[in-house]
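# A closer look at the structure
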Amino acid sequence: MFLIHFSGLSLNLTSSDMAAIEFTFVQAAYSATLSTVLAIPVAKALQRQNFWGKQLVVLFLGAPFILPVIVAVLGLILVFGNNGVINNILNFFGFEPFKIYGLWGVVLAHVFFNLPLAIRIILQGLNDVPGEQYRLILSLKLSLSQKFFALDWPVLKKVCPSIWAVVFAICLSSFAVALTLGGGPKATTVELAIYQSFFYDLDFAKAAQLALVQVFLVFSVVVASQFIIRPETVLGLNIKIFNYSHSRFEKILDFLIIVVTLLFILTPISVIFFFGSAGIFSLPPSVFKAAILSVQIALLSSFMSVFLGLCLTTKIGEVVGSLGIAVSPIVMGAGTFLMLKNFGNPYLLAIPVTATVNALISLPFVIRILKPPAEEIRTEFDNLSRAIGLAGIYWIWWVYLRRLKRPIGFSLGLAAALSMGDLGVIVLFGSGEIATLPLKIYQLMGSYRLEEALASALLLSLLAFGSFAVFDRIGRML
Amino acid sequence: MIRFDNVIINIGDFQLTVNMTVQKGFVTVIGHSGAGKSTLLLSLSGHQDLASGKIFVDQNRIDLLPPNQRPCSVIFQDFNLFPHLSIAENLNLVCGNKFFVSKAARKKIQKVLEKVGIAELIDRLPSEMSGGQQSRAALARVLLQRNPILLLDEPFSALGPNQKSELIELVYSLSKEQDITVLLITHDPKDAKQIPCHCIVVKDKKALGPFETSEALSEDGPLKGYL
């Protein structure tokens, strides 16, 4: 038993709680390190090679961001699980099988989600180096290592610590991956421990204590990361692709790297489409009921998130909106549950609570999308608006909303897709009656109804990508 | 009549002092880049705060009023029209700020666009028009605002010499017709020579004048060294 006293507050942490804290840090450190290191050669390959479909490859790198976690996990189980392709190959050559459940499964899933993000950020950094600098260095006929230290090292030195910190923070509060691939005394994260105290032990005091620990952990990392994150590196969209001449060896190596990365990212998604399509029309009504609920929650949550985002497009607003990163869905859900428990039946409020928490979770991303164009509007049109007395509701109608319709569409799509795939707060509030599609898939997986789980996963992917595409399209069309 | 009463404007280390009375009519404002020409106009329009002093228009003090309550319309160097709105929608913003362009407002807009010679472009977006046509649309909006003072902060500087000259002529004739006082910032002394007007010279951190144009442009005039 570990007792921690701080300003009159005392925490009683058991050895299993301490093990959960340790596992949380270890898996996050492995995930962040692997995502960052593996992203370097891929970003470099993408930067120096020019080929047909390169933009599409960069676009595919964005797919895991909106892919529901439960779908990706199912796909990874099919590829890397006991009977998956990879283990069959390993078996054939007499190697030890890869264990998808436990530390390495959790790390694998985290790398699957964060490697594309890391690649895009490094690629952005490499592309920001002026073309003239490349031409100069290449004209000097330097060796590979000299070129690396002259051109790439300064960029990597700048962006890699930031990427590591961002991925580490994301993995600290990742719940759905730990829920599906972790568990047991050796692979429980703090988030999972909160859920277990809540759901299985009904020990709300313990859950509250662990929630406090989790908030402290993530908050410390977020604060610490501020010292190493440079603002210009936290980008990843609208990439300008630059390429230059290269040797045959580099060309072959780069293509191999790109193909392997694409296989790693696209295979788990493809297998869901391949195996799920057969059963999609024979799914039980309960799955469609769950799908409808997911759509309703996603709509409510995306509009809430974008409304809040539009109100918070200032520097202070961004800080306020980003608090959602420090407080994970499980912590928010647990807190809300405990609060509501004193006033009535919290399960009755499952839908609004889930929608609100989902809205707050996507809020930092929404603000990041809306803030730059909103600031641009204020800078460019302030004089004109003041000169003609355009203010208040009329300014919002004629200028703010109309100028922002594209980023609003994009944000709505992103928030809807993120909410659609969320398997966080709903596991606390959901029940047999109230289940979103991700929860339903989790329940199907738990009862070994794999065919139905796969078909439902396909349905969920279509809904997530579909909602993103529809909102984005509307924003472009209006 | 516009009166600058011991006006001092500070922007960082830069300071501009203005103490003058400008009579009704067409006035050009000439000076080097960075001399403070735009600062002078923006202080009048309310986009630049004063460090001290007062500004009067016809005995009414205006320097404490917000820009939209001052009797001035401004055409800036750029961003004079909202690029995502049609010309009708842009001009509608000064016709009552409704959520849509009413029939009555459209009629009014059509009429004023006829005056500036671009009535057929009422439904175009600014990006579908030339620079000269955009300037005419901005001018049409100013006419709809019906303010007695028009401030032009080099709005025609990106146009060719012929188009620029045409637009200055148009502004001059409209100012006569509607009895508007115009303050036009320009780098080019030819603009001042083109029409009968007075001239304010901004130099050495001071706004001087107004002078007769011939006096300002003479060899020993205040623009000595600039010409």
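Calculation rules
- Residues numbered from 1 in each chain as written.
- Chains lettered and ligands numbered in written order.
- Predicted model: local features only at pLDDT ≥ 70, side-chain atom pairs only at ≥ 80, totals over all residues.
- Helix = DSSP H or I, 4+ residues; strand = E, 2+ residues; numbered from the N terminus.
- Rg over C-alpha atoms; globule rule 2.2 N^0.38 Å.
- Buried ≥ 20, exposed ≤ 12 C-beta atoms within 10 Å, placed from the backbone.
- Domains from an automatic or database assignment.
- Contact = placed C-beta atoms within 7 Å.
- Nonpolar A, V, L, I, M, F, W, Y, C, P; charged D, E, K, R; others polar.
- Pairing = 2+ DSSP bridges.
- Axes fitted to C-alpha atoms, helices over the stretch in contact; angles between N-to-C directions.

### Here we look at the overall build of chain B
A count of helical and extended segments in chain B gives 7 helices and 10 strands. Computed over C-alpha atoms, the radius of gyration of chain B comes to 18 Å, within 12% of the 17 Å expected from 2.2 N^0.38 for 227 residues, which places it in the range of a compact globule. By principal-axis analysis of the C-alpha atoms, chain B measures approximately 55 × 40 × 30 Å. The buried share of chain B, reckoned over its 227 residues, is 44%.

### Considerations on the overall build of chain A
The number of helices and strands found in chain A is 22 helices and 2 strands. Computed over C-alpha atoms, the radius of gyration of chain A comes to 23 Å, within 12% of the 23 Å expected from 2.2 N^0.38 for 478 residues, which places it in the range of a compact globule. Summarising its shape, the C-alpha atoms of chain A cover approximately 75 × 70 × 55 Å along the three principal directions. Here chain A, with 478 residues, has 46% of them falling under the buried criterion.

### So, the domain arrangement of chain B
All names here are of chain B. Domain boundaries assigned for chain B yield domain 1 (1-71 + 148-227) and domain 2 (80-146). Listed by partner, the interface residues are 11 residues for domain 1 and 9 residues for domain 2. Of the residues assigned to the side of domain 1 that touches domain 2, the class counts are 9 nonpolar, 2 polar and no charged.

### What to know about the sheet that holds strand S6 (residues 72-75) of chain B
All names here are of chain B. Reading across the sheet, the 10 strands line up as S5-S4-S1-S2-S10-S9-S3-S8-S7-S6 and stay open at both edges, with mixed pairing between neighbours. Either end of the sheet is taken by a strand with one partner, and the two such strands are strand S5 (60-61) and S6. Summarising the sheet, S6 and strand S7 (residues 149-153) pair through 4 bridges and their orientation is parallel. Across the sheet, Ile75 pairs through a bridge with Leu152, a residue of S7. Contacts between helix H4 (residues 131-145) and the sheet are confined to S6 and S7, with S6 contributing the most and set at about 175° to the helix.

### Description of the environment of Ser157(B)
As for its position among the elements, Ser157(B) is in the loop between S7 and helix H5 (161-178). With 28 residues separating them in the primary sequence, Ser157(B) and Ile185(B) have C-alpha atoms 9.7 Å apart.

### Focus: the interface of chain A and chain B
Taken together, the 15 residues of chain A in the interface contact 15 residues of chain B. Mapped onto the side of chain A that touches chain B, the elements with two or more residues apiece are helix H17 (350-387) and helix H18 (392-403) of chain A. The class makeup of the residues in the side of chain A that touches chain B is 9 nonpolar, 2 polar and 4 charged.

### Focus on the environment of Ile408(A)
Residue and element names in this part refer to chain A. Mapped onto the elements, Ile408 comes out in helix H19 (residues 405-420). Classification of Ile408 as buried rests on a count of 25 C-beta atoms within 10 Å. When the C-alpha atoms of Ile408 and Leu370 are compared, they prove to be 7.1 Å apart, with 38 residues separating the residues in sequence. When sequence neighbours within four positions are dropped, the list of residues in contact with Ile408 reads Val306 and Gly475.

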